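Residue-level structure breakdown
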Amino acid sequence: MDEEYDVIVLGTGLTECILSGLLSKEGKKVLHMDRNDYYGGESASLNLTQLYRKFRPDQTPPSELGRDRDYAVDLVPKFIIASGELTQILVHTEVTRYLEFKQIAGSFVYRDGRISKVPSTEMEAVKSPLMGLFEKRRAKKFFEFLQNWKDDDPSTHQGINLDKDSMKTIYEKFGLEPGTQDFIGHAMALYLDDDYITKPARATYDRIILYTSSMARYGKSPYIYPLYGLGELPQSFARLSAIYGGTYMLDKQIDEIVTDADGKFVGARSGDETVKAKQVIGDPSYFGAGRTSAGKIRVVEEGKVVRAICVLKHPIPGTDDSDSCQIIVPQNQVNRRNDIYVAMVSSTHNVCAKDVYLAIVSTVVETDKPELEIKPGLDLLGPIYDKFVSISSQYTPTSDGKADNIFITRSYDATSHFETVVEDVQDVWKRVTGTDLVLSKKEVEVQE
Amino acid sequence: MSTKQFQFKLVLLGESAVGKSSLVLRFVKDQFDDYRESTIGAAFLTQTVTLEDQTTVKFEIWDTAGQERYKSLAPMYYRNANCAVVVYDITQSASLDKARNWVRELQRQADPSIVIALCGNKADLSARRQVSEEEAKKYADEEGLMWAETSAKTGEGVTEIFTAIAKKLPLTAPASRSGAARGTTAARSGVDLNKQSTAQGQNEPCNC
Ligand SMILES: Cc1cc2nc3c(=O)[nH]c(=O)nc-3n(C[C@H](O)[C@H](O)[C@H](O)COP(=O)(O)OP(=O)(O)OC[C@H]3O[C@@H](n4cnc5c(N)ncnc54)[C@H](O)[C@@H]3O)c2cc1C
Ligand SMILES: Nc1nc2c(ncn2[C@@H]2O[C@H](COP(=O)(O)OP(=O)(O)O)[C@@H](O)[C@H]2O)c(=O)[nH]1
Ligand SMILES: [Mg+2]
């Protein structure tokens, strides 16, 4: 280990693995290490043994859950938006050749005590109980307005300026009811709270268009999911990195981030070996996780997310026996500031034994009784066979790393998708390389 | 004339430096290089074997990309593999122990129908042999593995072992079996990310 590297990457979460893959592809000499003996860090998918080791070290998994190898239980509940940024990166880097994807069968939204499918076809929209007859007409006008919008054609603007006018103004213009606003803002634009309403409408417009174009792509829902769990994503990017010369070491304790007299990064120490590199990238757990690291507070806690991994023996009631789904409980429906969100996958996605369903209920923590906060979500699931609850801190770096060559990624947030993960990748890439991350648009082959 | 074509995912396993990449290079390109640095950028290699009855078997070959060196091979690597070549170096007895570990791991984690071939490489160096043919053969028989000695350097036994694997694979399924279909875009049960949404483009009314 006396070689010197361009970049040491610490932690094999998705963010770090994408960066590692892209950097190796660029010709950088990368050493990638993880303290765990598995890939994925906080975004891993675990088999039963690993799951129990993490949550209940003194217990062995019940044999009635089936074979260990059939399980890949996600720690972080996220789906891939079909037309989103992560898809772009997957296609650009061709890691798609290591992966196989399935659609998520449906997206549901909670309203007045029950759940309804977010319509995926015009037919479903017409029949949807989410809106009354007149409201449906108003919604239709609203969607037509968004779909027809062309930046350079003022005749499509109906007096609205997306960059100045707020969503509130637009909702009012079309006379949409609060319930419809909840539905549009939370189930389609995928905002976790209502802060977006008073901001310029452009961002919300972009999100609704992303949602609808993703929906149009495969039909049932705007989401896709990799077979064998989300943990396949970091593994694929790690392979990409290795193919371009990246060196991988799992099960490697990192004892110290070594800096020079000016506080600049020198290397990473494991036991009595120190590996040197010009730069280091890593997840917050390698940099003190809120405590001092090499005499400095490098990351701070921004908030907490509570997640309950629930093992079910049945599909979620009211979802037409969907093999997978997302349910959004908009904050206003349950008097909260943040949405509660349920993500469910099953053996169709090769993540658990047959007739088992894995649902994760999560939200941003608002009180000192986080488990109570997710109750409205848990109540939707029917009988819960077993439940693993965790509360994770959301860390964010205190500096951009340019001064000391220490570049820290962010924790996985409460959003239901990977768009913010990609934003973090782009941000760190820019800090590390000084240039924007440009993904060459490649010609995609369309197969019959 | 109609020939049947089958495609299978083949993975190489075994300790670092036993000659896995060299075996692939010999099989795919009929080359050998004494001082080869680890292969950079070689993601995917394919090679087709034609059997006597004109059936062709296309191997989609996954090399480790060096991730085995520090025990960092991702489970994704051997997931869905239809066949595995577990390699040891006949001049290093410890490499057979590593091979045994890999066989055990495959038996635990991989598809139960996986075809495993144990391969004693560097047969050209038999003067420095540490692993006897008898010992390896006995172990292979006990575990129901195919077994052969090869030399990536001279080419001895290389095509033969891959052809033997091709013959042993269940040639009953259609061209793309679930496992091997990964990586190719044809005939997948899932969604194809490379497919652009064509019918319903941006200007269509929203489909929500
Ligand atoms: C969540 C959501 C998303 C939507 N997304 C789109 C979209 O992407 N594109 C789009 O064009 N429109 C959208 N709409 C509007 C909805 O699709 C319209 O109600 C529908 O398009 C009616 O169109 P139409 O031209 O057939 O109706 P019209 O020709 O105007 O006449 C039919 C009218 O009767 C109503 N109607 C008919 N059958 C029923 C029924 N069974 N129950 C209740 N009302 C009925 C319809 O709402 C409609 O107003 C959306 C509505 C909702 C709730
Ligand atoms: N003599 C001899 N050397 C070999 C043979 N196969 C591989 N080597 C050498 O062994 C070293 C390691 O080979 P490599 O293919 O990189 O091993 P890998 O790490 O298992 O992929 C290289 O120096 C090869 O040239 C062989 O059959 N005979
Ligand atoms: Mg090799």
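Residues numbered from 1 in each chain as written. Chains lettered and ligands numbered in written order. Predicted model: local features only at pLDDT ≥ 70, side-chain atom pairs only at ≥ 80, totals over all residues. Heavy atoms only, no water.

1. Description of unusual backbone geometry
Although it is not a glycine, A:Asn350 sits at a positive phi angle of roughly 55 degrees. Tracing the chain through its elements places A:Asn350 in the loop between strand 18 (340-346) and strand 19 (357-364). One non-glycine residue, B:Lys122, lies in the positive phi region at around 70 degrees. Among the secondary structure elements, B:Lys122 is positioned in the loop between strand 5 (115-121) and helix 4 (133-143). (Helix = DSSP H or I, 4+ residues; strand = E, 2+ residues; numbered from the N terminus.)

2. Some thoughts on the environment of A:Val345
Residue and element names in this part refer to chain A. Structurally, the position occupied by Val345 is in strand 18. A relative accessible area of 7% places Val345 in the buried class. Ignoring any residue separated from it by four or fewer positions in sequence, one finds Val345 in contact with Phe79, Ile104, Tyr225, Asp323, Ser324, Val351, Tyr357 and Leu358. (Buried < 20%, exposed > 50% of the residue type's maximum accessible area, 1.4 Å probe, protein only. Contact = heavy atoms within 4.5 Å.)

3. Some words on the site of ligand 2
Residues and elements named next belong to chain B. Around ligand 2 lies a shell of 20 residues, among which Ala17, Lys20, Ser22, Asp124 and Ala152 are the nearest. At 2.7 Å, a backbone N or O of Ala17 approaches an oxygen atom of ligand 2. In the complex, the protein chains occlude 84% of the 580 Å² of accessible area that ligand 2 would expose alone. Per element, the largest residue contribution to the shell around ligand 2 is three residues, and it comes from helix 1 (residues 20-29). For the shell around ligand 2, the residue count by class is five nonpolar, six polar and nine charged. (Near = heavy atom within 4 Å. Polar contact = N/O pair within 3.5 Å; in protein donor to acceptor, adjacent residues only side chain to side chain. Areas by Shrake-Rupley, 256 points an atom, 1.4 Å probe, with all protein chains shown as cover. Nonpolar A, V, L, I, M, F, W, Y, C, P; charged D, E, K, R; others polar.)

4. A closer look at the domain arrangement of chain A
Residues and elements named next belong to chain A. For chain A, the assigned domains read domain 1 (4-46 + 231-301 + 394-433), domain 2 (73-105 + 302-393) and domain 3 (121-218). On a C-alpha basis, the centres of domain 2 and domain 3 stand 25 Å from each other. With both chains or domains summed, domain 2 and domain 3 bury close to 1,300 Å², and 51% of this area falls on carbon and sulfur atoms. Where domain 2 touches domain 3, the interface holds two salt bridges. (Domains from an automatic or database assignment. Buried area = accessible area lost by both parts, 1.4 Å probe. Salt bridge = Lys/Arg side-chain N within 4 Å of Asp/Glu carboxyl O.)

5. Quick notes on the packing of aromatic side chains
Residues and elements named next belong to chain A. Across all of its chains, the model carries 18 aromatic pairs over all chains by this definition. Ring geometry for Phe79 versus Tyr223: centroids 5.6 Å apart, planes at 55 degrees, classification tilted. Of the two residues, Phe79 is situated in the loop between strand 4 (73-74) and strand 5 (80-81) and Tyr223 in strand 9 (residues 223-226); the sequence distance between them amounts to 144 residues. An identical accessibility class is assigned to Phe79 and Tyr223; each is buried. Judged by centre distance (5.3 Å) and plane angle (70 degrees), the rings of Phe142 and Phe143 are edge-to-face. Members of the aromatic cluster, each reached through a chain of ring pairs, are Phe142, Phe143, Phe145, Trp149, Tyr171, Phe174 and Tyr205. (Phe/Tyr/Trp six-rings, centres within 6.5 Å; stacked < 30°, edge-to-face > 60°.)

6. Concerning the packing of helix 1 (residues 14-25) of chain A against helix 12 (residues 419-433) of chain A
Residue and element names in this part refer to chain A. Between helix 1 and helix 12, the shortest axis-to-axis distance is 10 Å and the interhelical angle comes to 45 degrees. Between helix 1 and helix 12, the crossing angle belongs to the class labelled oblique. The handedness of the crossing between helix 1 and helix 12 is right-handed. Only Val421, Asp424, Val425, Val428, Trp429, Val432 and Thr433 of helix 12 make contact with helix 1, whose side of the interface consists of Leu14, Thr15, Ile18, Leu19, Leu22 and Leu23. Class assignment for the residues of the contact of helix 1 with helix 12 results in 10 nonpolar, two polar and one charged. (Axes fitted to C-alpha atoms, helices over the stretch in contact; angles between N-to-C directions. Parallel < 35°, antiparallel > 145°, perpendicular 65-115°, else oblique. Left-handed = near helix turned anticlockwise from the far one by under 90°.)

7. Examining helix 2 (residues 48-55) of chain A
All names here are of chain A. Among the residues of helix 2, those classed as buried are Leu48, Gln50, Leu51 and Tyr52. Elements in contact with the buried residues of helix 2: strand 3 (45-46), strand 4, strand 16 (299-312) and strand 20 (386-397). One side-chain oxygen of the residue at the start of helix 2 lies 3.2 Å from the amide nitrogen of Thr49, identifying that residue as Asn47.

8. Focus on the sheet that holds strand 6 (residues 101-103) of chain A
Residues and elements named next belong to chain A. Spatially, the three strands line up as an open sheet ordered 5-9-6, and their pairing is antiparallel. Pairing within the sheet leaves two strands with one partner each, and these edge strands are strand 5 and strand 6. Here strand 6 runs beside strand 9; their pairing, made up of three bridges, is antiparallel. Within strand 9, the position partnered with Phe101 by the bridge is Pro226. (Pairing = 2+ DSSP bridges.)

9. Considering the environment of A:Gln50
All names here are of chain A. Structurally, Gln50 is set in helix 2. Among the residues examined, Gln50 registers a relative accessible area of 16% and is labelled buried. C-alpha separation for the pair Gln50 and Thr274, spaced 224 residues apart in sequence, amounts to 29 Å.

10. Examining helix 8 (residues 202-218) of chain A
Residues and elements named next belong to chain A. Relative to the 24 Å expected for 17 residues at 1.5 Å per residue, helix 8 spans 25 Å between its end C-alpha atoms, a close match to the ideal helical length. Counted residue by residue, helix 8 has 12 buried out of 17 residues, so it is predominantly covered. Inspection of helix 8 places Thr204, Tyr205, Ile208, Ile209, Tyr211, Thr212, Ser213, Ser214, Met215, Ala216, Arg217 and Tyr218 among the buried residues, and these make up the whole buried set. After helix 8 finishes, the residue Gly219 shows a positive phi value of roughly 110 degrees. (Expected span 1.5 Å × (residues − 1).)

11. Structural notes on the sheet that holds strand 5 of chain B
Residue and element names in this part refer to chain B. Pairing in this open sheet of six strands is mixed, and the strands run 2-3-1-4-5-6 from one edge to the other. Of all strands in the sheet, those bounded by a partner on one side alone are strand 2 (45-50) and strand 6 (146-149). Taking each pair of neighbouring strands and ignoring which way they run, the sheet shows an average axis angle of 25 degrees. The sheet contact formed by strand 5 and strand 6 spans four bridges and is parallel. From the neighbouring strand, Leu118 faces strand 6, where its bridge partner is Trp147. Helix-sheet contacts for helix 1 involve strand 1 (5-14), strand 2, strand 3 (56-62), strand 4 (83-89) and strand 5, and the interaxial angle to strand 2 is about 55 degrees. Sheet strands in contact with helix 3 (residues 93-109) are strand 1, strand 4 and strand 5, and its direction is about 165 degrees off that of strand 4.

12. Some remarks on the confidence of the model for chain A
Residues of chain A with pLDDT of at least 70 account for 97%, and the chain-wide mean is 92. In this model, residues 443-448 of chain A is a region of pLDDT below 50 whose contacts with residues beyond four sequence positions or in other chains number eight contacts. (pLDDT = per-residue confidence, 0-100.)

13. A look at the pairing of strand 9 of chain A
All names here are of chain A. Burial of strand 9 is two-sided: the residues Tyr223 and Tyr225 facing one way and the residues Ile224 and Pro226 facing the other way are all buried. When strand 5 meets strand 9, the two strands line up antiparallel, connected through two bridges. Bridging across to strand 9, Ile80 finds its partner in Ile224.

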